[in-house]
Protein chains: 2
Amino acid sequence: MIPLLWRTAHPPRRGPSRGLSVDAIVQAATRLADASGLEPLTMRALAGELGVAPMTLYTYVPGRAELLELLVDHAVLTMARRGFDGLGWRERVSAVAEDNRALHRAHPWVAAVDPARPVLGPGTMAKYEHELAAFDGCGLSDVDRDAALTFVLDFVTASARAEARSSPETDEAWWAGAGPVLAAVMDPSSYPLAARVGTAAGEAQRSARHPDHAWAFGLARVLDGLAALVEPQIV
Amino acid sequence: MIPLLWRTAHPPRRGPSRGLSVDAIVQAATRLADASGLEPLTMRALAGELGVAPMTLYTYVPGRAELLELLVDHAVLTMARRGFDGLGWRERVSAVAEDNRALHRAHPWVAAVDPARPVLGPGTMAKYEHELAAFDGCGLSDVDRDAALTFVLDFVTASARAEARSSPETDEAWWAGAGPVLAAVMDPSSYPLAARVGTAAGEAQRSARHPDHAWAFGLARVLDGLAALVEPQIV
DNA sequence: AGCTTACGGTGTACGCTGTATGGAGTGCGC
DNA sequence: GCGCACTCCATACAGCGTACACCGTAAGCT
């Protein structure tokens, strides 16, 4: 798998020339996944999109799981990365978070791929290298630097998942159906806090600018959480 | 779905008595999922476990997706919840986090279920009610209280996913295979930070007590992050 | 009592998935 | 010019979730 990610396979010496390329496949698959998600991205659908028979794909890629890893690494390689010049650590970490949020908005399926093992491709490596640098000068040990980055990225992924799960319109429609049923079945006095907070949160969620509020809230917590670790070091 | 979660369906008036029950199905399915994960939990396998034909399950449950929601709600209903008596907010929030970690350790598949919509069953409601109370006296608005809880739970889920993905032994074996290949293909001087930090983090990860360190690190960040929001209020 | 009807259980079958296998055609290397 | 390595693909298989039709059962109605 790793040689495939790094495009290290030597070109074939014999036989007819290849009609496709791993990159062409990755590009088409990305287009399909962007359009309709990961589930409809089947080997048959992808082959159809490329005008070849399904089994042809297997001459380029060992299987679907590996294809998904290629997709992720490619998405991550080509994502926007803003520079860190002249920024303080909070701004740098915010930039990393925002870049990743943009990635998940452009390719919502990225958060849904879960590779059995870390995807050690050029995209992932470049991303890791870049993002680790956000913690330069923070006085973190190598292990803590990695943990801090994981902490930030896990937050972004969780936010992206939440955001992907719901849009204001579909939420509205769903609550219109589920709300009455729930009210009929559950006694609010058994769950006083949940009923009150859940209602408030639910209403907020249906407002258009809620995702941005939730994001700002979470990111502030992440930064404050790291500050306690970092700022004693940099004064 | 909601009436099914709340077991609100009226018993049948005619016909032969039922040989199974939703609870029996949920119990067997949980046993199967605990033993081997979510993927081998097929309708056929579950039916076999229960000694009925596969289609029989559909008289109790609309489909597999709904079954998984039932599983989650049941797991969440029966999870251990430690009390909050006499604890400060940090200890209460830690307790919530630890309880959820225990849940994910007992039922690693819980983090892998992703329902299209929130699972509004009795388990989820009881959990929400209980966990919201951890933020009593913190001076949070209802919306922020919900956001704070989400923040904590998202962290726990991300940790659980990471922990489920890897165990020290299989990691060791995998790195033994992937390491040399990666070294052959990637130029470490192109990724100086990544190579150094990645190596340190990878070595730490393979040590037996790493999961606990990662957990402590993340939980400390979560609490510190919330502290900046909470403690001005409670002095 | 007997007919009707709702209901539980299930055999069969459909459409879908990823992919193993083997064969036909192609072009380089000997 | 022979053989082999290679691309491409048709067919096929095992597995999935589940729609549908059917049979037997037992309760309600007349």
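It should be emphasised that the depicted structure is a prediction, and the values quoted were computed from it without experimental measurement.

A. Focus on the packing of helix α6 (residues 122–132) of chain A against helix α9 (residues 192–206) of chain B. Where α6(A) meets α9(B), the closest approach of the two axes is 8 Å, and the angle between their N-to-C directions is 90 degrees. It follows that α6(A) is roughly perpendicular to α9(B) by the angle criterion. Residues Met125(A), Tyr128(A), Glu129(A) and Leu132(A) of α6(A) pack against Pro192(B), Leu193(B), Ala194(B), Val197(B), Gly198(B) and Ala201(B) of α9(B). In terms of residue class, the contact of α6(A) with α9(B) is made up of 8 nonpolar, 1 polar and 1 charged.

B. Seen up close, the protein's contact with DNA strand C. Looking at DNA strand C, there are 24 residues lining it, with Arg44(A), Tyr58(A), Gly19(B), Thr56(B) and Tyr60(B) nearest. Per the 4 Å cut-off to the protein, sugar and phosphate atoms form 61% of the nearby atoms of DNA strand C. With respect to DNA strand C, the side chain of Arg14(B) contributes an N or O atom lying 3.0 Å from a sugar or linking oxygen. Partitioned by chemical class, the residues of the surface near DNA strand C number 10 nonpolar, 8 polar and 6 charged.

C. Up close: unusual backbone geometry. Phi is positive for Arg7(A), which is not a glycine, with a value near 55 degrees. Within the secondary structure, Arg7(A) is located in the loop between α1 (2–5) and α2 (22–36).

D. Examining the nonpolar core more closely. Among the nonpolar cores identified, the biggest contains 147 residues, and Phe135(A) and Phe135(B) are the most heavily contacted of them. With residues near it in sequence (within four places) discarded, Phe135(B) still touches Arg92(B), Val93(B), Leu140(B), Arg145(B), Ala148(B), Leu149(B), Val152(B) and Leu226(B).

E. Region of interest: the domain arrangement of chain A. All names here are of chain A. Each domain of chain A was delimited in the assignment, giving domain 1 (2–76) and domain 2 (82–234). One C-alpha centre belongs to domain 1, the other to domain 2; they are set 30 Å apart. Counting residues at the interface gives 13 residues for domain 1, matched by 16 residues for domain 2. For the domain 1 and domain 2 pair, buried surface summed over both sides reaches about 1400 Å², with 76% attributable to carbon and sulfur atoms. In this assembly, domain 1 and domain 2 are joined by 0 salt bridges.

F. Main features of the relation of the copies chain A and chain B. Relative to chain B, chain A is turned by 180 degrees and slid 0.0 Å along the rotation axis, the superposed coordinates differing by an RMSD of 0.1 Å. The symmetry that links the two subunits is that of a two-fold axis. If distances are taken from each C-alpha of chain A to the rotation axis, the shortest is found for Gly225(A), at 1.8 Å. A share of 100% of the interface residues of chain A reappears at the interface of chain B, consistent with the copies meeting face to face through the same patch.

G. Just the pattern of salt bridges, in detail. Applying the stated criterion to the full structure yields 26 salt bridges over all chains. One salt bridge in this structure joins Glu49(A) and Arg31(A), with 3.5 Å as the shortest N-O distance. One end of the pair, Glu49(A), is in helix α3 (residues 43–50); the other, Arg31(A), is in helix α2, with 18 residues separating them in the sequence. The class of Glu49(A) is partly exposed, set by a relative accessible area of 43%. Since its relative accessible area comes to 46%, Arg31(A) is described here as partly exposed. Here Arg90(B) ties to Asp224(B) by a salt bridge, and the two come within 2.9 Å at their closest N and O atoms. Of this pair, Arg90(B) sits in helix α5 (residues 89–106) while Asp224(B) sits in helix α10 (residues 210–234), and the two are 134 residues apart along the sequence.

H. Structural view of the packing of aromatic side chains. Considering all chains together, one arrives at 8 aromatic pairs over all chains under this definition. Look at Trp174(B) and Trp175(B): their rings are 5.1 Å apart centre to centre, the planes differ by 75 degrees, and that puts the pair in the edge-to-face class. Classification of Trp174(B) by relative accessible area gives partly exposed; the value is 22%. Three or more aromatic residues joined by ring pairs make a cluster, and in this case those are Phe151(A), Phe155(B) and Trp215(B). Directly above the aromatic system of Tyr60(A) lies the positively charged group of Arg18(A), at a separation of 4.0 Å from the ring centroid. Sitting above the plane of the Phe217(B) ring, Arg221(B) keeps its charged end 5.1 Å from the centroid.

I. Main features of the environment of Ala173(A). By the secondary structure assignment, Ala173(A) is in helix α8 (residues 168–185). Linking Ala173(A) and Trp6(A), residues 167 residues apart in sequence, is a C-alpha distance of 46 Å.

Calculation criteria
Residue indices follow the written sequence of each chain, beginning from 1 at its first position. For naming, the first written chain is A and the first written ligand is 1, with later ones following in the order written. Only residues with pLDDT of 70 or above have their local features reported here, since the model is predicted, and side-chain atom pairs are shown and tallied only from 80 upward, although totals for entire chains, interfaces and linings are computed over all residues. Just so you know, side-chain values use all the structure's heavy atoms and leave hydrogens and water out. Between the N-to-C directions of two axes lies an angle of 0 to 180 degrees, each axis being a line fitted to C-alpha atoms and, for a helix, fitted only over the stretch in contact. Put simply, DSSP H or I for four residues or longer makes a helix, DSSP E for two residues or longer makes a strand, and each gets a number counted from the N terminus. Orientation labels follow simple angle bins: below 35 degrees gives roughly parallel, above 145 gives roughly antiparallel, 65 to 115 gives roughly perpendicular, and whatever is left gives oblique. Should any heavy atoms of two residues lie within 4.5 Å, those residues are considered in contact. When residues are sorted by character, Ala, Val, Leu, Ile, Met, Phe, Trp, Tyr, Cys and Pro go into the nonpolar class, Asp, Glu, Lys and Arg into the charged class, and all the rest, Gly among them, into the polar class. Here, proximity means that at least one heavy atom of the residue falls within 4 Å of the molecule or strand. Under this definition, polar contacts are N or O atom pairs within 3.5 Å; protein pairs additionally need one hydrogen-donor-capable and one acceptor-capable atom, and for neighbouring residues in sequence, both atoms have to be side-chain atoms. To define a nonpolar core, start from buried Ala, Val, Leu, Ile, Met, Phe, Trp, Tyr and Cys residues and group those joined through side-chain atoms within 4.5 Å. Partly exposed residues are those whose accessible area sits between 20% and 50% of the maximum for their type, while under 20% is buried and over 50% is exposed, using a 1.4 Å probe and protein chains only. The source of the domain bounds is an automatic or database domain assignment. By convention, the term buried area covers the 1.4 Å-probe accessible surface removed from two parts as they join, with the contributions of both added. The salt bridge criterion pairs a side-chain nitrogen of Lys or Arg with a carboxyl oxygen of Asp or Glu, the two atoms within 4 Å. Copy-to-copy alignment: least squares on C-alpha atoms, limited to residues at pLDDT 70 or above in both. Pairing of aromatic rings covers Phe, Tyr and the six-membered ring of Trp, with a centre-to-centre limit of 6.5 Å; geometry is then stacked below 30 degrees between planes, edge-to-face above 60, and tilted otherwise. Whether a charge sits over a ring depends on NZ of Lys or CZ of Arg being within 6 Å of the ring centre and within 35 degrees of the ring normal.

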